[in-house]
Amino acid sequence: MNHYGVISAGDPQTVAAGAEILRQGGNAVDAAVAAAFASFVSEMVLVNISGGGIATLHLAASGQNVACDFFCDMPGGVYDENRADFKHVLVDFGAARQPFYIGRAGVAVPGVVAGLCALARNYGSLPLPTLLAPAVRLAREGAILSAAHAYIAEILMPIFTDTPESARVYAPQGRAPRPGDCLRNPQLAHTLARLGAEGPDFYYRGKLA
């Protein structure tokens, strides 16, 4: 029996990850999870592994509609202005300059890893390491930056180059990346591989957390 699917995403490399999983016999949830993880590399100027999301599913067998909320949550604790790593940078959009607040104190508790892993566990058919394999490969070998994402990257360079560690990923040649540049993130590849092997507890309660 032939299986057909349609994948919509923000980059062809994201689509390719989902299509690879469909060719391996995965279902629509498997493909969506794989594509989402791949987007953390292929579309990393817009999305990342520390974000959040939602998913809506229609289960054909039962006719049931399911909504999954795995958006970010506010961190707890008391905000100490004198100790917090929290500041703003100005981002130039041409017609206007807008302050963006960055730093560790501005980071929400991410939900996307828990959500995607739960989707794979509850509604997918392939093991998590298989679903993460395209993203691991992209992060290790590099993703080709599209013209649209290069444009966004140039605008957001004040954020991406605020720390040396971030600059090494987003501006490896000491400048804003250009269309066609290959951006690698071997540390993310290692994280994704460990996540596939150990599951979401590695991200939220293990060494990485």
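It should be noted that the structure appears before, not after, this text.
A brief look at the structure comes next. (Residues numbered from 1 in each chain as written. Predicted model: local features only at pLDDT ≥ 70, side-chain atom pairs only at ≥ 80, totals over all residues. Heavy atoms only, no water.)

1. Comments concerning the nonpolar core
- Core analysis: the largest hydrophobic core is formed by 35 residues, its most contacted members being Val33, Phe37, Leu116, Leu119, Leu192 and Leu195.
- Among the elements of the structure, helix H1 (12–23), helix H2 (28–42), strand S1 (53–59), strand S2 (64–70), helix H3 (112–123), helix H4 (128–141), helix H8 (186–198) and helix H9 (201–204) are those that each provide at least two residues to this core.
- Residue contacts for Phe37: discarding those within four places in its chain leaves Leu116, Cys117, Leu132, Ala135, Leu192 and Leu195.
- Judged by nonpolar contacts, the second largest core, of 14 residues, contains Leu145, Phe160, Val169 and Leu183. (Core = buried A, V, L, I, M, F, W, Y, C linked by side-chain atoms within 4.5 Å. Buried < 20%, exposed > 50% of the residue type's maximum accessible area, 1.4 Å probe, protein only. Helix = DSSP H or I, 4+ residues; strand = E, 2+ residues; numbered from the N terminus. Contact = heavy atoms within 4.5 Å.)

2. Here we look at the pairing of strand S3 (residues 87–92)
- As defined by bridge partners, S3 adjoins strand S4 (residues 97–102) across six bridges and the pair is classed as antiparallel. Its bridge partner being in S4, Leu90 is matched across the sheet by Pro99.
- As consecutive antiparallel partners, S3 and S4 are separated by four residues, and within that stretch Gly94 has a phi angle of approximately 95°, a positive value. (Pairing = 2+ DSSP bridges.)

3. Description of the pattern of salt bridges
- Scanning all chains against the criterion turns up six salt bridges.
- Here Arg104 makes a salt bridge to Asp85, at a shortest N to O gap of 3.1 Å. Residue Arg104 is located in the loop between S4 and H3, and its partner Asp85 is located in the loop between S2 and S3; the two are separated by 19 residues in the primary sequence.
- Taking relative accessible area as the criterion, Arg104 reaches 70% and is therefore assigned exposed.
- Overall, Asp85 belongs to the partly exposed group, its relative accessible area being 30%. (Salt bridge = Lys/Arg side-chain N within 4 Å of Asp/Glu carboxyl O.)

4. Re the packing of aromatic side chains
- Throughout the structure, instances matching the rule amount to six aromatic pairs.
- With a centroid separation of 4.9 Å and 80° between ring planes, the pair formed by Tyr203 and Tyr204 is classed as edge-to-face.
- Residue classification places Tyr203 among the buried residues on the basis of a relative accessible area of 11%.
- What makes Tyr204 partly exposed here is its relative accessible area of 27%.
- Put simply, the rings of Tyr79, Phe86 and Tyr101 pair up and form one aromatic cluster. (Phe/Tyr/Trp six-rings, centres within 6.5 Å; stacked < 30°, edge-to-face > 60°.)

5. Concerning the packing of H1 against H2
- Across the interface, H1 lies against H2 with an axial gap of 8 Å and an inter-helix angle of 150°. Of the possible angle classes, the one that applies to H1 and H2 is roughly antiparallel. For H1 against H2, the interelement crossing comes out right-handed. Residues Gln13, Thr14, Ala17, Gly18, Ile21 and Leu22 of H1 touch H2, and the partners they reach there are Asp30, Ala31, Ala34, Ala35, Ala38, Ser39 and Ser42.
- Taken together, the residues of the contact of H1 with H2 sort by class into seven nonpolar, five polar and one charged. (Axes fitted to C-alpha atoms, helices over the stretch in contact; angles between N-to-C directions. Parallel < 35°, antiparallel > 145°, perpendicular 65-115°, else oblique. Left-handed = near helix turned anticlockwise from the far one by under 90°. Nonpolar A, V, L, I, M, F, W, Y, C, P; charged D, E, K, R; others polar.)

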